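# Coordinate analysis (summary)
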There are 2 protein chains.
Amino acid sequence: MNSDSNTLTLRRIFIDTQIEHIVYMRKDCPIYKAEGFESMSRVQISVNNKFLVASLNIVSNGLLDHGEAGLSESAWHILGAVEGGRIIFSHPAPVNSMQFVRAKIYGNVLSKYHFKEILHDVVLGKYSNVEISSFITACAGDHLSLEEITALTEAMVESGQLLKWKSNMVVDKHCVGGLPGNRTTPLVVAIVAEAGLVIPKTSSRAITSPAGTADTMETLTQVDLDLEQITRVVERENGCFVWGGSVKLSPADDILIRIERALDIDSDGQMIASVLSKKSAAGSTHVIIDIPVGKTAKVRTQENAEKLKYYFKVVGSALHMNVKAIITDGSQPVGRGIGPALEALDILSVLRNESTAPQDLKNRAILLAGEIFELSNTSKPGEGQELASEILSSGRAYAKFLSICKAQGAIKEPQLAKLKVDVKAIRGGTILEINNRKLAKLAKLAGAPKAKSAGILLHCPLGKKVQENDVLYTIYAEETGELNYALDYLKVQTDIILIA
Amino acid sequence: MNSDSNTLTLRRIFIDTQIEHIVYMRKDCPIYKAEGFESMSRVQISVNNKFLVASLNIVSNGLLDHGEAGLSESAWHILGAVEGGRIIFSHPAPVNSMQFVRAKIYGNVLSKYHFKEILHDVVLGKYSNVEISSFITACAGDHLSLEEITALTEAMVESGQLLKWKSNMVVDKHCVGGLPGNRTTPLVVAIVAEAGLVIPKTSSRAITSPAGTADTMETLTQVDLDLEQITRVVERENGCFVWGGSVKLSPADDILIRIERALDIDSDGQMIASVLSKKSAAGSTHVIIDIPVGKTAKVRTQENAEKLKYYFKVVGSALHMNVKAIITDGSQPVGRGIGPALEALDILSVLRNESTAPQDLKNRAILLAGEIFELSNTSKPGEGQELASEILSSGRAYAKFLSICKAQGAIKEPQLAKLKVDVKAIRGGTILEINNRKLAKLAKLAGAPKAKSAGILLHCPLGKKVQENDVLYTIYAEETGELNYALDYLKVQTDIILIA
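Reference entry: report on the structure contained in this document.

Quick notes on the rules
Residues numbered from 1 in each chain as written. Chains lettered and ligands numbered in written order. Predicted model: local features only at pLDDT ≥ 70, side-chain atom pairs only at ≥ 80, totals over all residues. Heavy atoms only, no water. Buried < 20%, exposed > 50% of the residue type's maximum accessible area, 1.4 Å probe, protein only. Helix = DSSP H or I, 4+ residues; strand = E, 2+ residues; numbered from the N terminus. Pairing = 2+ DSSP bridges. Contact = heavy atoms within 4.5 Å. Buried area = accessible area lost by both parts, 1.4 Å probe. Salt bridge = Lys/Arg side-chain N within 4 Å of Asp/Glu carboxyl O. Nonpolar A, V, L, I, M, F, W, Y, C, P; charged D, E, K, R; others polar. Least-squares fit on C-alpha atoms with pLDDT ≥ 70 in both. Phe/Tyr/Trp six-rings, centres within 6.5 Å; stacked < 30°, edge-to-face > 60°. Lys NZ or Arg CZ within 6 Å of the ring centre and 35° of its normal.

The buried fraction of strand β5 (residues 50-59) of chain A amounts to eight of the ten residues, a majority that puts the element mostly inside the structure. The pairing of strand β3 (residues 22-26) of chain A with β5 of chain A spans five bridges and is classified as parallel. Across the sheet, the residue bridging to Val 23 of chain A is Leu 56 of chain A, located in β5 of chain A. By the bridge criterion, six bridges tie strand β4 (residues 42-47) of chain A to β5 of chain A in an arrangement that is antiparallel. From the neighbouring strand, Val 43 of chain A faces β5 of chain A, where its bridge partner is Ala 54 of chain A. Linking β4 of chain A to β5 of chain A, which pair antiparallel, is a turn of two residues; within it Asn 48 of chain A sits at a positive phi near 50 degrees. Both β5 of chain A and strand β2 (residues 15-16) of chain B contribute to a ladder of two bridges, which runs antiparallel. Counted as the bridge partner of Ile 58 of chain A is Asp 16 of chain B from β2 of chain B.

Next up on the list: the interface of chain A and chain B. Of the residues lining the interface, 54 residues belong to chain A; the matching set on chain B comes to 54 residues. Of the roughly 4,400 Å² buried at the junction of chain A and chain B (both faces included), carbon and sulfur atoms supply 56%. If you sort the residues of chain A by the area they bury against chain B, Ile 105, Val 130 and Tyr 485 of chain A come out on top, with a joint share of 14%. Applying the counting criterion to the chain A and chain B interface returns zero salt bridges. Elements that contribute at least two residues to the side of chain A that touches chain B include exactly β2 (15-16), α1 (30-35), β5, α3 (98-105), α5 (129-139), α10 (251-263) and α18 (480-491) of chain A. Tallying contributions element by element places α5 of chain A first for the side of chain A that touches chain B, with seven residues. Residues belonging to the side of chain A that touches chain B are distributed by class as follows: 25 nonpolar, 16 polar and 13 charged.

Moving on to the relation of the copies chain A and chain B. The second copy of the chain is related to the first by a rotation about an axis and a shift along the axis. For the pair chain A and chain B, the relating rotation is 180 degrees, the translation along its axis is 0.1 Å, and the fit reaches an RMSD of 0.1 Å. The symmetry that links the two subunits is that of a two-fold axis. Minimal C-alpha separation from the rotation axis in chain A is found for Val 130 of chain A, amounting to 2.4 Å. By residue overlap, the copies meet face to face through one surface: 100% of the interface positions of chain A are interface positions in chain B.

Quick look at the packing of aromatic side chains now. Residue and element names in this part refer to chain A. The full count for this structure, using the stated rule, is eight aromatic pairs over all chains. Their ring planes at 65 degrees and their centres at 6.3 Å tell us that Phe 115 and Phe 135 sit as a pair that is edge-to-face. Within this pair, whereas Phe 115 is found in helix α4 (residues 112-123), its partner Phe 135 is found in helix α5, the two being separated by 20 residues in sequence. Pair check on accessibility: Phe 115 and Phe 135 agree, each one buried. One Lys or Arg, Arg 205, reaches over the ring of Trp 243 and ends 4.9 Å from the middle of that ring. One cation-aromatic arrangement involves Lys 307 over Tyr 311; the distance from NZ or CZ to the ring centre is 5.3 Å.

All names here are of chain A. Examined against the element boundaries, Val 334 turns out to sit in the loop between β12 (322-329) and β13 (337-338). Taking the relative accessible area as the measure of exposure, Val 334 reaches 2% and is therefore buried. In this structure the C-alpha to C-alpha distance between Val 334 and Leu 367, which are 33 residues apart in sequence, comes to 14 Å. In this structure Val 334 touches Leu 179, Pro 180, Gly 181, Asn 182, Asp 360, Leu 361 and Arg 364, once residues within four positions along its chain are discounted.

Below, the structure is given as structure tokens:
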């Protein structure tokens, strides 16, 4: 291709298309016509000798002048584009690793080499969302053997950065999710770090839930640390609770997971690879996985949980990690708060040993910390929870928590939102069921996690007896509009909390 | 949801994103924030009480004023949007039929009901491209049984319009493709219609090839006819060769096929459903399928061709059609021209019985027309080709051809492009191999099919002896830029034509 004739001038047009890279070209652009591109064609673009494959959108008026091209914000940033810079167009080479995706579709077994090639191209942005969807679908539905899950996990680990720590033993915990308010991580980190174990915990922000651990911790301290800062905190305090986004562990997984969520496909193989690749890349040696099981949790049957438990152990072992999954009750939210600040308040009340502290959250944190102590031989079998409980009730966990927050750069006090509405029982009786998914949705409509102090405060755990007009839960919101969204949703939902 | 607060004013922004519907919203738009939408969220939009599900792109500067939203061109047209009109936003209901896609991923068998539900939602635009990709992948790789292919085909038929004809017998032919220049359709239509059979042939424009039958016929007559016009032509002439785009047969297939091409996945099941759904919807009763087999054709092995042949027959029979597939030589292009006008010139020279007419094209047309005669009992077994040959050599086929062209509204003479370059043999020898795919690509770079008179004129069929500097083929182009693209490509290709 003649590169001179394939050059246009960049104009920033500020369109955010998330991870799908889009390049915008005029309908009457000679390159568009000459190259035989169509709208949505995959085209290779190059700016400052950085290359990217993008989908083409055709613009027929106003947005661009003659000789100009635009980029979606993601592509603009990755290429380091500047206003008025040059952009060169060409036909992209075929994505060779798509042949392995096709092989998988036809039932062939993929090796680590195949997965590495695929993920390498995914991370380079060579796969369109449509191609990523095909890869995910081909691997879903129990189409991956245990060997393939291991190979995929190893390939994910190698797609990004690897963290190294001075300690030979690095512990971690992870919850497969689906349970609102299950914010044990900050408590476990404080307890475990206080006991002298190294636990460099990186967490994500919420993608589909009302709060991620990073969102919650952001109401208590600073979480946007770079790798150097994280290393300094961990060397001083043994532990941290930071946002993982700046560390780029298993970046292929970050891309795949967005399409998995769009498809609402979360196969066992992909979940295991996702979780364990991050743990391995983070340098973990001993990992506890929390699998809550319940009708409206992510994992819904004991049988599925048992299978996951076995898979986690085997794949972890292949990656030289000692992984133990524990199956917990997933029938109702944990603690009382759902939403960043509301969950943070629960955490503080547990750490401060307040009499009103939610006992279920406290007990879960003790259970998980205890399991870590036993897995790492810090405690003898059966004695882990005792140690965890002692560290928490003595106030040492709280002191450690404050110390880590300070090391991360700030100690903040979470605030409650100024708008609130109590939702009351329309009849007396016993709380029989709580719909986790609908409660989470309600908290999101009220503004969580973007509105940090918005969410739900739950007053009625399962089994509690209530009278008519007792407050079941309180909705908190920062804006009237958001509060109204939540209330509108409530009007058409009758089964969020079931009273028998 | 409160619909008043979810309303914005439409502004046309002229961005063409092909079949993926996109809605554009400002970053600071209250709806965006309040609804908890993210960039690339699926949102339901409503204009004039028409509903559509679109993906959200977030705009942070200039393109839209406060209170405004934009639409991709496809969505703008489907919704009948007008500048300054109102657009209402809400969360889309979950796409229920995606559960059947997930069931298929997990190996369950789908029924006609399931496929109908899926295709219904696809045609309504409820599926994102990512979801369509997942459906296609789940069905690919021989994951569909013969019963499922039949169910999918029936569901595709029912996704669109059905044509009815006065005749009880309606014949058709189809080539599964992959062979440049294989433009037998206009010849077969002329021969068969002249024999008194009804053959209402609708054809597509090229999607990835240098010419579709509709592109070629457009250089000879008018092809953009509506259903009423088509009916009138067929009633008068027994046959037609029109573009099928205005007739909306099997619209679900039109949507799926674009994603299949993007993925380069063309599974047997989907190909059979695609072809036979269009034939059934068009009211065909007797159908001949041409399956060219060759190293660089679409079907590459005799074994795969035999399997396809069997499947076509069985699925056709389930849809009450008499379908016969014939396996033909796919080792080299057919005729001499590759590109709309160049192929049209080949057709004319066969119809006019010129001594220089390409015999391979002529013989293929006679073969296919003969098969139609025998399948429809117009000829006795073994006598079909004789009848076809007689109709062609007598000039009656040419007269019929002109008569149909006239009925369609025009008789045009195709023109050759003004720019041309001869490509010569660098050594003497025998033509051993011709790469269909690369030759097709060369024709496309030269401008075909958009530039109607551009393409390739081939002078060296397989087995021909050539001297050094003999012309192997001529590249035709309408623009210097396009000619240069073709020549640039040629510089890096050494194996388009192999001389032994």
